[in-house]
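# Descriptive analysis of the structure
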Amino acid sequence: IKPSDVKYGVALSKLIRERTNMVYVDTKKNYLGAEEKRLKDLESDLAAIKDDEDKISKKILGKTRDIEKIKNDIEINKSVLEEVRDEVATQRSNLNAMSATTPDEVRKSTEKELKKQEKKRDNLSKSIDKGTTNIYDLETDIRDLNYELDKLKQDEKFALDRVMEQRELVMAIKNQVYEMEK
């Protein structure tokens, strides 16, 4: 079409509109690509939060099992400690009941056994105290982990909201591109 033709203005206007529409669609597609990448990043962040929650839950479970094991050990040690205390009392009573005529060898043997039982008693008491301290430490760790888990759950909710908003935005852009390409 020649510039002097009457249809030239209409054709030029149509050509400009088509070119403008193509540029606009390309720009929207680029924008869509960027928003899809952002969506993937947000979904990745959400997955990382869920993984962290799982790890913390497993740590809490492990520490809870450790507490139960230590409690069982303490109960066993307490029952053994009672037996040892009775044995110490018996050995002390036997030692006090020995007369001056008791041979030194028998007396020394009884004293040796008494010291052995006292040492066993002391070790059991220390073990019980150490177990109790470990339980308190584990309970503190569990409280801290539960706090961290609660924070992660809040983060997860926030991240999920952001993912949903981003999905809606991506869908809206896809619809716009689809409508323009018709």
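Residues numbered from 1 in each chain as written. Predicted model: local features only at pLDDT ≥ 70, side-chain atom pairs only at ≥ 80, totals over all residues. Heavy atoms only, no water.

A few words now on the pattern of salt bridges. Scanning all chains against the criterion turns up 10 salt bridges. In this structure, the salt-bridge partner of Asp-122 is Arg-121, at a minimum N-O distance of 3.4 Å. Note that Lys-157 is salt-bridged to Asp-161, the shortest N-O span being 3.6 Å. Here Asp-161 and Lys-157 lie together in helix α2 (residues 104-181), a separation of four residues that amounts to about one turn. (Salt bridge = Lys/Arg side-chain N within 4 Å of Asp/Glu carboxyl O. Helix = DSSP H or I, 4+ residues; strand = E, 2+ residues; numbered from the N terminus.)

Time to look at a nonpolar patch on the surface. A contiguous nonpolar surface patch, about 250 Å² in accessible area, is contributed by Leu-12, Leu-15 and Ile-16. Mapped onto the secondary structure, Leu-15 falls in helix α1 (residues 8-97). (Patch = residues over 30% accessible without salt bridge, like charges linked within 9 Å, V, L, I, M, F, W, Y side chains within 5 Å. Areas by Shrake-Rupley, 256 points an atom, 1.4 Å probe, with all protein chains shown as cover.)

Attention now moves to the environment of Asn-96. Assignment of secondary structure puts Asn-96 in helix α1. Taking relative accessible area as the criterion, Asn-96 reaches 62% and is therefore assigned exposed. Sequence separation of Asn-96 and Arg-107 is 11 residues, and the distance between their C-alpha atoms is 9.9 Å. (Buried < 20%, exposed > 50% of the residue type's maximum accessible area, 1.4 Å probe, protein only.)

A word on the nonpolar core. In this structure, Ile-56, Ile-60, Ile-67, Ile-70, Ile-74, Ile-135 and Val-163 are the most contacted members of the largest nonpolar core, which totals 29 residues. Put simply, the parts of the chain that give this core at least two residues each are α1 and α2. Dropping the residues within four chain positions of it, Ile-60 is found in contact with Ile-142, Leu-145, Asn-146 and Leu-149. (Core = buried A, V, L, I, M, F, W, Y, C linked by side-chain atoms within 4.5 Å. Contact = heavy atoms within 4.5 Å.)

What follows is about a negative patch on the surface. Taken together, Asp-51, Asp-52, Asp-54, Asp-144 and Glu-148 make up a surface patch of like negative charges. Elements represented by at least two residues in the negative patch include exactly α1 and α2. Tracing the backbone through its elements, the reader meets Asp-51 in helix α1. (Lys, Arg positive; Asp, Glu negative; His and termini not counted. Charge placed at Lys NZ, Arg CZ, Asp CG, Glu CD.)

This part covers the environment of Glu-83. When you line up the elements, Glu-83 lands in helix α1. Residue classification places Glu-83 among the exposed positions, given a relative accessible area of 55%. Considered as a pair, Glu-83 and Tyr-24 are 59 residues apart in the sequence and their alpha carbons are 88 Å apart.

This part is about the side chain of Asn-77. The topology assignment puts Asn-77 in helix α1. Overall, the relative accessible area of 16% leaves Asn-77 in the buried class. For Asn-77, the side chain forms a polar contact with the side chain of Ser-127, separated by 3.0 Å. Discounting residues that sit within four places of it in the chain, Asn-77 has contacts with Leu-124, Ser-127 and Ile-128. (Polar contact = N/O pair within 3.5 Å; in protein donor to acceptor, adjacent residues only side chain to side chain.)

Another point: the packing of α1 against α2. Between two packed helices, what matters for the description is the angle formed by their axes and the separation of those axes. Remark: α1 packs on α2, axes separated minimally by 4 Å, with the N-to-C direction vectors making an angle of 165°. The orientation of α1 relative to α2 falls into the category roughly antiparallel. The element α1 and its partner α2 pack so that their crossing is left-handed. A per-class count over the contact of α1 with α2 returns 35 nonpolar, 16 polar and 33 charged. (Axes fitted to C-alpha atoms, helices over the stretch in contact; angles between N-to-C directions. Parallel < 35°, antiparallel > 145°, perpendicular 65-115°, else oblique. Left-handed = near helix turned anticlockwise from the far one by under 90°. Nonpolar A, V, L, I, M, F, W, Y, C, P; charged D, E, K, R; others polar.)

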